[in-house]
Amino acid sequence: MSVLVYTESDNGQFKKAALEVASYAKAVANQLGTTVTAVSINASDTSVLRNYGVDKVLHVKDTTLNNFNANSFASIISQAAQQEGSEVVVVSSTADSRYLAPLLAVNLNAGYASNVVDAPSSTAPFTVKRTAFTNKAFNYSTINTTNKIVGVSSNAFGLVESSGNATEEAFAPNLPESGVTVESLDKATDKVSIADADIVVSAGRGLKGPEHWGMVEELADVLGAATACSKPVSDLGWRPHSEHVGQTGKPVASNLYIAIGISGAIQHLAGINASKVKVVINTDPEAPFFKAADYGVVGDAFEVVPQLIEKLKQF
Ligand code: FAD
């Protein structure tokens with residue numbers, strides 16, 4: 001009856017979100033008086049999970065699973081939950097896990113709560129705090145089914161270190177042979193991913209053209225941040241679609257979100273509202289983003305950003 005957590009990895013390395021959901025699973029396990037079992041697929045070293053309270057790791061090693069495949073991964077996690085008798089399955093809110101969670105809910109006949117930001121306020125009934133209305137409000141949702149899928153928002157619960165054994169067991173589930181699959185084909189880069197980033201530097205149409213993204217990348221490098229962009233910027237082909245954030249793009253829940261030359265349309269804000277501190281640089285003092293921002297600079301990005309980079313380099 002242990003709490004099951006899917007710990008995502010990328011090129012063999014655990015994502016930060018994996019360690020965060022392990023921390024979350026440990027908090028739930030403590031409330032339920034049970035242990036934590038992690039499902040890991042092709043991670044190179046699972047020992048780090050013991051620092052986040054994981055007691056057992058079911059490790060699937062299969063090179064055909066190097067790329068995310070929603071059906072196969074959902075099948076693996078479902079079989080692990082059935083083997084362990086887990087009623088609570090915890091996943092993150094990366095793009096991959098958002099694909100997985102509904103499939104898991106179907107496979108396990110489970111209720112699914114997404115956008116969860118805190119440990120359960122009660123385990124009987126199982127009640128969790130979630131963001132609602134594109135992060136403008138919170139609500140408490142009760143999952144009444146026996147099996148429960150909990151999708152935890154990035155950077156909401158945080159990393160909480162606690163000891164676990166993380167004993168590793170090889171896990172060789174049956175993989176589905178056919179069916180419609182959703183595959184993630186993120187290109188491997190050495191850049192910080194938007195989902196894992198503490199800081200995101202994002203830019204919009206105010207930058208006028210792709211040739212001006214050098215300063216955005218430089219600012220991101222200085223800060224150790226991920227780069228992102230508004231929808232029109234990726235639609236115009238100035239930046240890859242993988243950087244598009246907002247309601248129809250990737251969600252961002254970073255500790256710091258810097259928006260350069262982005263007006264702050266509601267569809268953009270919907271995806272980045274969960275970020276803790278928002279900073280805006282915009283020439284137009286009436287830009288809607290200023291109403292949502294914690295700090296704002298009314299100024300020309302082409303003057304402000306280079307000065308900011310210079311100052312930051314002095315630290
Ligand atoms: P603009 O609105 O053109 O704003 C550019 C800003 O740059 C302006 O505020 C301007 O004052 C400022 N600026 C100009 N020059 C400078 C300078 N030199 N220095 C500093 N600032 C400058 N958008 C998203 O981003 N993500 C989504 O997921 C998304 N989903 C959508 C879904 C739907 C169904 C629809 C209808 C729209 C969606 N949009 C989305 C589009 C959204 O409505 C806006 O059109 C878009 O966010 C605007 O992008 P922008 O801020 O980069 O460009």
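Here we summarise the structure given alongside this text. If you're wondering where the values come from, they're calculated on a predicted model, not measured in any experiment. (Residues numbered from 1 in each chain as written. Predicted model: local features only at pLDDT ≥ 70, side-chain atom pairs only at ≥ 80, totals over all residues. Heavy atoms only, no water.)

### Comments concerning the pairing of strand β15 (residues 256-260)
Within β15, four of the five residues are buried, which leaves it mostly tucked inside the rest of the structure. The pairing of strand β13 (residues 199-203) with β15 spans five bridges and is classified as parallel. Residue pairing for β15: V201 is matched across the bridge by I258. In terms of strand pairing, β15 meets strand β16 (residues 277-282) through five bridges, oriented parallel. Bridge pairing in β16 links I258 to V279. Taking the sense of rotation as the criterion, the β-α-β connection linking β15, helix α6 (residues 266-272) and β16 turns out right-handed. (Buried < 20%, exposed > 50% of the residue type's maximum accessible area, 1.4 Å probe, protein only. Helix = DSSP H or I, 4+ residues; strand = E, 2+ residues; numbered from the N terminus. Pairing = 2+ DSSP bridges. Right-handed = clockwise from strand over helix to strand, strands pointing away.)

### A look at the site of the ligand
Around the ligand, a shell composed of 27 residues is seen, among which S230, T248, S263, Q267 and H268 lie nearest. Here an oxygen atom of the ligand and a backbone polar atom of Q247 are 3.0 Å apart. Take A301: an N or O atom from its main chain is 2.9 Å from a nitrogen atom of the ligand. More than half of the atoms belonging to the ligand lie within 2 Å of the grid points that define the second largest pocket. (Near = heavy atom within 4 Å. Polar contact = N/O pair within 3.5 Å; in protein donor to acceptor, adjacent residues only side chain to side chain. 1 Å grid on protein atoms, 1.4 Å probe; cavity = no way out; pocket = protein on both sides within 12 Å on 5 of 7 lines; lining within 4 Å. Sits in = over half its atoms within 2 Å of the grid points.)

### With respect to the packing of aromatic side chains
For the coordinates displayed, the defined rule picks out five aromatic pairs. Ring centres 5.1 Å apart and planes at 75° place the aromatic pair F68 and F73 in the edge-to-face group. Each member of the pair, F68 as well as F73, is classed as buried. Aromatic pair Y257 and F289: ring centres 6.5 Å apart, planes at 25°, arrangement stacked. Of this pair, Y257 sits in strand β15 while F289 is found in helix α7 (residues 289-292), placing the two residues 32 residues apart along the sequence. You can call F289 buried: its relative accessible area is 0%. An aromatic cluster is present here, built from Y6, F68 and F73 joined pairwise through their rings. Positioned above the aromatic ring of F138 is the side chain of K129, whose terminal nitrogen or guanidinium carbon lies 4.3 Å from the ring centre. (Phe/Tyr/Trp six-rings, centres within 6.5 Å; stacked < 30°, edge-to-face > 60°. Lys NZ or Arg CZ within 6 Å of the ring centre and 35° of its normal.)

### Describing the side chain of T37
Assignment of secondary structure puts T37 in strand β4 (residues 36-41). Overall, the relative accessible area of 2% leaves T37 in the buried class. Here S2 takes part through its side chain, which lies 2.8 Å from a polar atom of the side chain of T37. T37 has contacts with S2, V3, L4, V5, K56, L58 and E84, leaving out every residue within four places of it along the chain. (Contact = heavy atoms within 4.5 Å.)

### Structural notes on the environment of A274
Relative to the helices and strands, A274 resides in the loop between α6 and β16. Separated by 138 residues in sequence, A274 and K136 place their C-alpha atoms 8.4 Å apart. Setting aside residues no more than four positions away along its own chain, A274 makes contact with N135, V252, A253 and S254.

### Describing the sheet that holds strand β14 (residues 226-229)
With parallel pairing, five strands are arranged side by side in an open sheet as β14-β13-β15-β16-β17. The open sheet has two free edges, formed respectively by β14 and β17 (295-298), since each of these has just one partner strand. Averaged over all adjacent pairs, the angle separating strand axes in this sheet is 15°, with direction ignored. For β16 and β17, the ladder comprises four bridges, and the chain directions are parallel. When the sheet's bridge partners are listed, N282 is paired in β17 with V298. Of the strands in this sheet, β15, β16 and β17 touch helix α8 (residues 301-313), which is tilted by about 130° from β16. (Axes fitted to C-alpha atoms, helices over the stretch in contact; angles between N-to-C directions.)

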